[in-house]
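Examining the three-dimensional arrangement
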Amino acid sequence: MRPNFLFIMCDDHAARAISCYGAGLNTTPNLDRIAHEGMRLDRCYVTNSICTPSRAAILCGTYNHVNGVTTLETHIDNRLPNVAKHLRAAGYQTGIFGKWHLGEGEAHEPTGFDQWSVFPGQGAYFNPVMIGKQGETVESGYATDIVTDKCLDFLEERDVERPFFLMCHHKAPHRPFEPHPRHRHLYADGRIPVPETFDDDYANRAAAAEAAKMRIRADLTYKDLGLAQPEGGDEVGELLVAGRTDRKVPDVQPGQPFRLVDAASGESWIFSETDDLARFKYQRYMMRYLQTVAAIDENVGRLLDYLDTEGLSDNTIVVYTSDQGFFLGEHGWFDKRFMYEESLQMPLLVRHPRTIRPGSIASGIATNVDFAPTFLDYAGVAIPTYMQGVNLRPLLEGREDEHRQDVAYHRYWMHKDEFHNAFAHYGIRDARYKLIYWYNDPLGQPGAHAGQEPPEWELFDCELDPFELRNRADDPAYAAIFVDMLRKLDAKMAEIGDLPEHDSAALLAGFRPLAETD
């Protein structure tokens, strides 16, 4: 009997904000249930840590230079083949509900799905507009609840004689972190643990780390934190971006006590110290983020309960993931984009009672490009030659010795976007080390980023330095490892057909004694 698929994906949900991953930040009993009854994967990595490209990679099973979706503005050509089209052709009922974020209009709307209803763009948390085959409607309620309702309707109305492939795509917990009122009491005591690296000074790292505008101290807005934005201009805070009205919460000025007001309750706080304000911002950010996660967990429970009630649990592969990782105060940051671990790691929980051992944990490397071919294999559908991902079935079923993937590749194209100022880069992660190339001014594109920072390399020993605080790229003790990782990077780029911006021959000339050894 062919399995059903329930694929649940959230937006910007860090693994650390799922309690089965052990960070101790929050409690997610329904998400934990998937792990306890199935598998938790600890080394699943995104190939481009931003919403739109990740979704294209998941749907198509290809890297972004192949599917053409490299940035938030390069939307999908929906004539491309995708996993839903293959499954639909094989007799599956297919549906997608929630966040699409791959473009709108005839050329970009979902294809391969019998039913679909998606948010335009990012979508709203409350009373969102949704687009389906019949056009736009305004849905009453909270987005996380609405998406789940639509998924349950799809399941209730399905043809019980045919298997289904259902993609449930929540917009939460994406910025600006708007929780449902029923959860606003959660995590409000100000005791969420502060990461060890919250006060990172970015020493001994690439220039990109210090330049990023993703700092909790300086770059969160009043809306992000659920605070009332005072009337006024630059004196009440820097604009998030020109042409919008959202302003960043400023720092305390010497001798000028600073007052902030909760937008919902009217409660107020006064600050006179910079560090006190920074930690208040962290607590408010995390509180609201985790409150939106609470609604996700509740709604995942509704879906799992439905499968149980209908006798579908044993033959349904349930997957929970996020479109990428997210910084939860590590290095003083929020957001994603970077190849640093908190942004690179995707949570991945998979349950299938017929093939996956309950309570199992996998340490093999997986990526979002691997999802599509894995689904097809479980469905008994031939994996097409255009797909570049690895079939994860051996890994999921406990046969790690058969799993053939020793590196994950990541590439981010959006050099110095106006919101976050994140630099373009690419690199690989293996079981222990990570090599990153910040190419900034790409070879073959003179002046493409004129006046910006020169290219830089970073090498991290993720076993001895899990917080990635010490760049070893120029450390003689790591020279052989650098050469080995460079060769792995070149091999991976050649395998997937992505063109390098670096010059390996020139680099290896500087390591000639090492380069000449086998």
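Now for the overall build of the chain. Helix and strand content of the chain: 13 helices and 17 strands. Along the three orthogonal principal directions, the C-alpha set of the chain runs to about 70 × 70 × 45 Å. Within the chain, the proportion of its 518 residues that are buried is 58%. Long-range contacts, defined here as pairs at least 24 residues apart, represent 67% of the contacts in the chain between residues at least 6 apart. Surface exposure of the chain reaches about 20,100 Å², of which carbon and sulfur atoms provide 49%. Counting 52 positive and 79 negative side-chain charges, the chain places the averaged centre of each group 2 Å from the other.

The subject of this paragraph is the packing of helix H5 (residues 143–156) against helix H7 (residues 274–309). Between H5 and H7, whose axes approach to 9 Å, the crossing angle comes to 10°. The orientation of H5 with respect to H7, classified from their angle, is roughly parallel. Contact residues: Thr144, Asp145, Thr148, Asp149, Cys151, Leu152, Leu155 and Glu156 in H5; Ala295, Ile296, Asn299, Arg302, Leu303 and Tyr306 in H7. When grouped by side-chain class, the residues that make up the contact of H5 with H7 number 7 nonpolar, 3 polar and 4 charged.

Looking at the chain as a whole, its pLDDT mean stands at 95, while 96% of the residues score no less than 70. Across residues 443–451, where pLDDT falls below 50, the model places 10 contacts with residues more than four positions away in sequence or in other chains.

When two helices pack together, their arrangement is given by the angle between the helix axes and the distance between those axes. At a closest axis distance of 7 Å, the pairing of helix H1 (residues 29–36) and H7 adopts a crossing angle of 50°. Classified by the angle between their axes, H1 and H7 sit oblique to one another. Along its contact with H1, which presents Pro29, Asn30, Leu31, Arg33 and Ile34, the element H7 presents Asp297, Glu298, Val300, Gly301, Leu304, Asp305 and Asp308. A class-by-class count of the residues in the contact of H1 with H7 yields 5 nonpolar, 2 polar and 5 charged.

With that settled, consider the side chain of Gln283. Mapped onto the elements, Gln283 comes out in helix H7. Relative accessible area serves as the criterion here: at 14%, Gln283 is assigned to the buried category. Setting aside anything within four residues of it in sequence, one finds Gln283 in contact with Gly190, Arg191, Ile192 and Val194.

Attention now goes to the environment of Glu161. In this fold, Glu161 is placed in the loop between H5 and strand E7 (164–169). Sequence-wise, Glu161 and Phe280 are 119 residues apart; in three dimensions their C-alpha atoms are separated by 54 Å.

Before going further, it helps to spend a moment on the pattern of salt bridges. Evaluation of the coordinates by the stated rule reveals 45 salt bridges. Note that Glu37 is salt-bridged to Arg351, the shortest N-O span being 2.6 Å. Taken together, the residues span a long stretch of sequence, with Glu37 in the loop between H1 and strand E2 (39–45) and Arg351 in strand E11 (residues 345–351) at a distance of 314 residues. Note on Glu37: relative accessible area 32%, which makes it partly exposed.

Bringing the packing of aromatic side chains into the picture now. One pass over the full model with this rule turns up 35 aromatic pairs. Seen from their ring centres, Tyr202 and Trp333 are 5.5 Å apart, and the 10° between their planes marks the pair as stacked. Residue Tyr202 is found in the loop between E7 and helix H6 (207–211), and its partner Trp333 is found in the loop between strand E10 (316–322) and helix H8 (341–344); the two are separated by 131 residues along the sequence. Under the relative-accessibility criterion, Tyr202 is labelled buried at 7%. Ring centres of Phe338 and Tyr340 lie 5.5 Å apart, and the angle between their planes is 80°; on these two criteria the pair is classed as edge-to-face. When sorted by exposure, Phe338 lands in the same class as Tyr340, which is buried.

What follows concerns unusual backbone geometry. With omega at 0°, the peptide bond leading from Ala172 into Pro173 counts as cis. Assignment of secondary structure puts Pro173 in the loop between E7 and H6. With omega at 15°, the peptide bond leading from Arg175 into Pro176 counts as cis. When you line up the elements, Pro176 lands in the loop between E7 and H6. One non-glycine residue, His331, adopts positive backbone phi at about 60°. Mapped onto the elements, His331 comes out in the loop between E10 and H8. Looking at His331, the relative accessible area reads 1%, which means it is buried.

Bringing the pairing of E10 into the picture now. A regular strand carries its side chains on alternate faces of the sheet. Within E10, 7 of the 7 residues are buried, which leaves it mostly tucked inside the rest of the structure. Neither face of E10 is left uncovered, since the one carrying Thr316, Val318, Tyr320 and Ser322 and the one carrying Ile317, Val319 and Thr321 both have all their residues buried. As defined by bridge partners, strand E1 (residues 4–10) adjoins E10 across 7 bridges and the pair is classed as parallel. From the neighbouring strand, Phe7 faces E10, where its bridge partner is Val319. Here E10 runs beside E11; their pairing, made up of 4 bridges, is antiparallel. Its bridge partner lying in E11, Tyr320 is registered against Leu349.

Cut-offs and rules
- Chains are numbered independently. Their residues run from 1 in the order of the written sequence.
- For this predicted model, a pLDDT threshold of at least 70 governs which residues receive local features, and a threshold of 80 or more governs which side-chain atom pairs are given and counted, while totals over whole chains, interfaces and linings are taken from all residues.
- Here the side-chain values reflect all heavy atoms present in the structure, with hydrogen atoms and water set aside.
- In this text, helices come from DSSP runs of H or I with a minimum length of four residues, and strands from runs of E with a minimum of two, each type numbered from the N-terminal end.
- Three exposure classes are used, based on accessible area relative to the maximum for each residue type with a 1.4 Å probe and protein chains only: buried under 20%, partly exposed in between, and exposed over 50%.
- Contacts were defined at the residue level, with two residues in contact if any of their heavy atoms lie within 4.5 Å.
- We get accessible surface area from the Shrake-Rupley algorithm with a probe of 1.4 Å; when it comes to residues, only the shown protein chains can shield them.
- Charged residues are defined here as Lys and Arg on the positive side and Asp and Glu on the negative side; His and the ends of the chain fall outside this count.
- Throughout, a charge is located at the NZ atom of Lys, the CZ atom of Arg, the CG atom of Asp or the CD atom of Glu.
- Here, axes are lines fitted to C-alpha atoms. For helices the fit covers the stretch in contact, and angles between N-to-C directions go from 0 to 180 degrees.
- Oblique is the label for any angle not under 35 degrees, not over 145, and not in the 65 to 115 range, which are roughly parallel, roughly antiparallel and roughly perpendicular in turn.
- Put simply, Ala, Val, Leu, Ile, Met, Phe, Trp, Tyr, Cys and Pro go in the nonpolar bin, Asp, Glu, Lys and Arg in the charged bin, and everything else, Gly too, in the polar bin.
- Residue-level confidence of the predictor is what pLDDT reports, using numbers from 0 through 100.
- A pair is scored as a salt bridge if a Lys or Arg side-chain nitrogen falls within 4 Å of a carboxyl oxygen belonging to Asp or Glu.
- Under the pairing criterion, centres of Phe, Tyr and Trp rings, with the six-membered ring standing for Trp, must be within 6.5 Å; the plane angle then separates stacked pairs below 30 degrees from edge-to-face pairs above 60, leaving the rest tilted.
- Paired strands are those between which DSSP finds at least two bridges.

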